[in-house]
Structure formats: C-alpha cells, structure tokens
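# Residue-level structural notes
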Amino acid sequence: MADSPSHPFLQGLSKHRGAPPTVVVIFGASGDLCARKLIPAIYNLGADGLLPAEFSLIGFARKPIPDDEFRKLAHAGITEFSRRAPTPEVWDRLAPNVTYVSGGYDEKAAFDRLAEKITGIEKKLGREVQTVFYVSTPPNVFSSILVNLGSSGLASKYLGQPHQSKVIVEKPFGKDLETAKALNKTINSVFAEPQVYRIDHYLGKETVQDLLVQRFSNSIFEPLWNRDFIDNVQITVAEEVGVGTRGGYYEQSGATRDMIQNHTMQLLALTAMEPPSSLDAEAIRDEKVKVLKAIQPLTVGPHGDVARAQYSAGLMGGKPVKGYLEEEGINPQSGTETYSAIRLAINNWRWQGVPFYLRSGKRMARRVSEIAINYKRPPGTLFAGEGAKFDLAANTLAFQIQPDEGLSLVFNTKIPGLETRTQPVKMSFRYAATFGSNTAEAYERLILDCMIGDGTLFIRGDETEASWKIYTPVIDYWRSVGRAGMDSYAAGSWGPPNSDALLAQRKRRWREP
Ligand code: BG6
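## Things to note about the site of the ligand
In the vicinity of the ligand, the residues found are Lys171, His201, Tyr202, Lys205, Glu239, Arg246, Asp258, Met259, His263, Lys362, Arg367 and Gln402. Between the ligand and Lys205 there is a distance of 2.6 Å, counted from an oxygen atom to a side-chain nitrogen or oxygen. Lys362 is positioned with one of its side-chain polar atoms (N or O) 2.8 Å from an oxygen atom of the ligand. Coverage of the ligand by the protein chains reaches 79% of its 400 Å² of free accessible surface. Taken atom by atom, the bulk of the ligand overlaps the largest pocket. Tallied by class, residues from the shell around the ligand come to two nonpolar, three polar and seven charged.

## Focus: the layout of surface pockets
Space inside the largest pocket adds up to approximately 1,800 Å³. If you trace the largest pocket, you find 48 residues lining it, with Leu33, Arg36, Lys37, His201 and Tyr443 closest to the centre. Of all elements in the fold, only helix H1 (32-47), helix H7 (206-217), helix H9 (254-272), strand S14 (396-402), helix H11 (431-435) and helix H12 (442-452) reach the threshold of two or more residues within the lining of the largest pocket. Top contributing element to the lining of the largest pocket by residue count: H1, with four residues. A breakdown of the residues in the lining of the largest pocket according to their chemical character gives 17 nonpolar, 15 polar and 16 charged.

## Topic: unusual backbone geometry
Looking along the chain, the bond that leaves Lys171 and enters Pro172 is cis, with omega of 0°. Examined against the element boundaries, Pro172 turns out to sit in the loop between strand S5 (166-169) and helix H6 (177-190). A cis amide bond, omega -20°, links Gln402 with the succeeding residue Pro403. Checked against the element boundaries, Pro403 lands in the loop between S14 and strand S15 (406-414).

## Examining the sheet that holds S5
Read from one edge to the other, the open sheet built from six strands follows the order S3-S2-S1-S4-S5-S6, with strand pairing classed as parallel. Two strands bound the open sheet, and with one partner strand each, they are strand S3 (98-102) and strand S6 (196-198). On average, each strand axis in the sheet is inclined to that of its neighbour by 20°, with strand direction left out of account. In terms of strand pairing, strand S4 (residues 130-135) meets S5 through four bridges, oriented parallel. Opposite Tyr134, over in S5, you have Ile168 as the bridge partner. In this fold H12 packs onto strand S1 (22-27), strand S2 (55-61), S4, S5 and S6, with an angle of close to 140° to the strand it touches most, S4.

## Concerning the pattern of salt bridges
Evaluation of the coordinates by the stated rule reveals 29 salt bridges. A salt bridge links Arg113 to Glu107, with the shortest nitrogen-to-oxygen separation between them at 3.7 Å. Here the salt bridges share partners, and the residues they tie into one network are Glu282, Arg285, Asp286, Arg460 and Asp462.

## Some details on the packing of H9 against helix H10 (residues 281-293)
To characterise two packed helices, one gives the angle between the axes of the helices and the distance between these axes. As a packed pair, H9 and H10 sit with axes 9 Å apart at the nearest point and diverge in direction by 105°. Comparing the axis directions of H9 and H10 gives the class roughly perpendicular. On H10, the residues that touch Met265, Gln266, Leu268, Ala269, Leu270 and Ala272 of H9 are Lys288, Val291 and Leu292.

Reading guide: rules and limits
Residues numbered from 1 in each chain as written. Predicted model: local features only at pLDDT ≥ 70, side-chain atom pairs only at ≥ 80, totals over all residues. Heavy atoms only, no water. Near = heavy atom within 4 Å. Polar contact = N/O pair within 3.5 Å; in protein donor to acceptor, adjacent residues only side chain to side chain. Areas by Shrake-Rupley, 256 points an atom, 1.4 Å probe, with all protein chains shown as cover. 1 Å grid on protein atoms, 1.4 Å probe; cavity = no way out; pocket = protein on both sides within 12 Å on 5 of 7 lines; lining within 4 Å. Sits in = over half its atoms within 2 Å of the grid points. Nonpolar A, V, L, I, M, F, W, Y, C, P; charged D, E, K, R; others polar. Points joined across faces, edges and corners; volume = space filled by probe spheres on them. Helix = DSSP H or I, 4+ residues; strand = E, 2+ residues; numbered from the N terminus. Pairing = 2+ DSSP bridges. Axes fitted to C-alpha atoms, helices over the stretch in contact; angles between N-to-C directions. Contact = heavy atoms within 4.5 Å. Salt bridge = Lys/Arg side-chain N within 4 Å of Asp/Glu carboxyl O. Parallel < 35°, antiparallel > 145°, perpendicular 65-115°, else oblique.

Keep in mind these numbers describe shape, not what the thing actually does.
Written out as structure tokens, the structure is:
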C-alpha cells in the first residue's frame, strides 16, 4: 500500500455536490470522536460517492502511530461504529489516501511536517488542494493548534479563494462568555470568519434540518406560529445514558453547558426565528442571532427561571444503576447538575408572553429529543363540563428529533357512538416508514458542507456569544451557592420536582414525550 496519498477516490463514481480536491486533517486522531464518528462519516461519504475524486485524510495526534496501524484503527472504527459495514470496494480506494502525522500540538516543527505532507499531495496530484482542519481535541490545546496553523502558513493558504483552508472547531466552545470571547479572538486572529466552522452536531441531524423545511414550506404552520395561538413551547433533550467514563469532563461541565447552552438553544433558535430572506447561510444565521438577542436575562434563585438536579440511584430498563455522586471520577459533594430546566422569555412581536421551556438530563426515563408546540385551548363553550364525556386536550404539534424521527399532531375527535364523547388522538408521520431508516449521520452532512464551503449548519462567533450571555450568570450563580437548590431525581424517571414546579408556577405541565 502506497504511503503517500495519491489514489483518486472513487474516480468515475463520484457524484459529489462540488467539493474541490480536499485534504481533511483531524487533530485528536487517536481519540474517541475520531473513531466513533469522524472516520465512519468520511467512509460513508465515500460510499455514497460524495467525496471529491481527489481526497486524502491525515490523522494528527501526539501518539506515534505508523500509517498502516492508523489505517487498521480507522477500519476497526468503521467496522464497529459506521451505519454501514466497510466493503473492500470503498475501503481499498480510501485506505491508500489515509496517513498519519504525530507531533505535539504546541510543536511548530510538527506543523511544518504537516505542511510539507500537504504540499507533497499537491505535487503528486499536480494541482492545488483545499485543507479542512478538524479540531477534535480537548479544549486545552485548541489555542496551540490554532496558533501553529497560523505560524506554519497553513491557515492562510489560498485565502480569499473558494479552496481556502477551513477549520472545524468541536465543542465545548468555551465554558462561559469570557472564555468563548477569548476563543473567538484567537480563532479570528488566525482564520477569517468565513473559514471558521463551529460545530454543533445537532444541526447536522436530518430532522433538525427538516425543521426549516417544515416551518417555511408549509403554509398551514406559519400563520399559527405566534403568541396569538401558541401557549408554550417545550424543548426536551433526554438521555438514558449516565456520565459513564466521562466523569472528569462532566464534572467541569454539567447539563447546562454540555447540552442546554448549545444543542437545545440551537433547536430553540430554529423554532423561534423569523423567516430568513433566503436560504443563504448568513441570512439564516442573522435571524438566529436576532432571536437569541431578544431573550430576556434569566432570573436565578428561588422561584427563578432555572432548576437543576442530579440523578440518584434508580432503575434503567429494570436494572439498578448508581446515582451521580457514586459514579467513577465524581466528587461525592459535587455541585454539578445532570439535569437542567430553563424558562425563557423572548421579547419580540411574535413571542412576547409565550414561555419557552427547555430541559435536558442524563439517566432519564427514555432517550428522546423533541420540540413540542403547545397551542392554546379552544374556548370551552361547546364541549365542556359533563365530566368524562369530554376529554379535551390542547393541540400539540411535536417534532421528534430522535429516535423514531417524525412529526405528530394531537387533536380532539368524537368517539364513534350514539352520544357525543370526545377523545384526543394523535396523527403521526414517521420518517422511517416513508423514507426508510438508513439516513446519513449528522457528521456526514457537516463534513461535506464544510468541504463545499457552506456554513449554514455551523455556528457563527456572535451566535456562541449570544447564547453564553444568557447562561453565564446562571452558571456563575450556581457556582457561588454550591449545592443550594440542587434537587434530585431517580435514574429512569422524568426529572426532579423543582423542574415540575417551574412549570406549575405558570399553571403548565411538562408533556411526557
Ligand atoms: C454531546 C454531549 O454533545 O451530545 C454528550 O457532550 C451527549 O454528553 C451527546 O451524550 C448527545 O448527542 P446525541 O446525538 O446522542 O443526542
């Protein structure tokens, strides 16, 4: 097998969306994300004919790994984690173009070696190649990588041209407003903003992209998408998993930083934004930033807008599991929340007076992410009273992001029979039933979009700061009060009492997805 990448990938079979010849460099190539998500995503893009004909992958990490060994690791990652098993037809074409560079992230010479390697690929192909740098390392080395990409000239390569270098930055994007601003400053001292792709993998999920299509391509939704008809919006990202082996990371993070500030806020922005003037990346991101900026500051403390809790021991699928404080690597006095619920008010013409409730937790009853639009109750004049005869529900339109992706509408209907009795029923659309279930993973779409230069599904610098601005006072407050106000919920349940109380204050209840 040749050592340097030279083999045009799937020549003749490629039906890609126009990505130029590309080298993807993954920093943190010996890590978990690379094996589980990034390499399988690249493999599947290849299998679907979506990689450019001249494509190379370079893994970069501190650990010395020979090229052949790295290829074996990549193949093992695909075998274990890809939505498709590797076939020789695809793998044998990709493998010769997979190589590895070892070096310290603060070692300038290692970046010079990387630059030489990329130049070598260009010489072999006889043409210029765009480079996509994927920074998937722990955040403490982000800055070193960025600085070295600058000083080695790799960041500014072909600047201003469509095949200019691009950088994908993984989360966590800072840990509060100040650190996010500092990180943006470092990034923008090396890369121009159009070269920067801040990733939130929720934006790559098929159903999240479809939210824009469903909202803006169906005339029945938009007229009812406002404070005149909607009572409240509930966004839930519930997980069954606990912290597992990630205790060290999670203790510094917690549900608000890990899930609420990024993933659920992205879902909120797409749900609440105004229709953009076009599908252009900047038009969409401008509207997202506008709605984030219209969110009112959160009130902390008793009866405020936030609730937090930790899971205690409980049952998951009938099996006993530990509480958070007993998990490996967790301080038994920890003040880190595994569940967070937030009430947000958006102060604009469309949403004033409509509470948006967000919640996310680990070790909850069921893995489910959904956006539920709860409509106002109809005037109760006709079908009211008389006890059990009329079981009227408010209408709910629920976008189920995962699993069992789809859309459902709850409405009231008459139970067949000689007397008039009502019952709420659910009408559902399921992606799997209509389109089959082998859809692309979020990372496939996002890596492809970056190669093409489409930043629509990535987060702009001002967007990260607008979101951190909302949550930094909450995080600071919680840090200052230790464990005060920390509730608990049994593993396998739907969350703590303080989160139910947050809704009860305004006479609402969480929907059970
Ligand atoms: C990550 C968080 O961003 O998202 C994890 O760090 C979480 O804690 C994961 O488990 C959830 O992603 P998904 O795609 O499985 O919903």
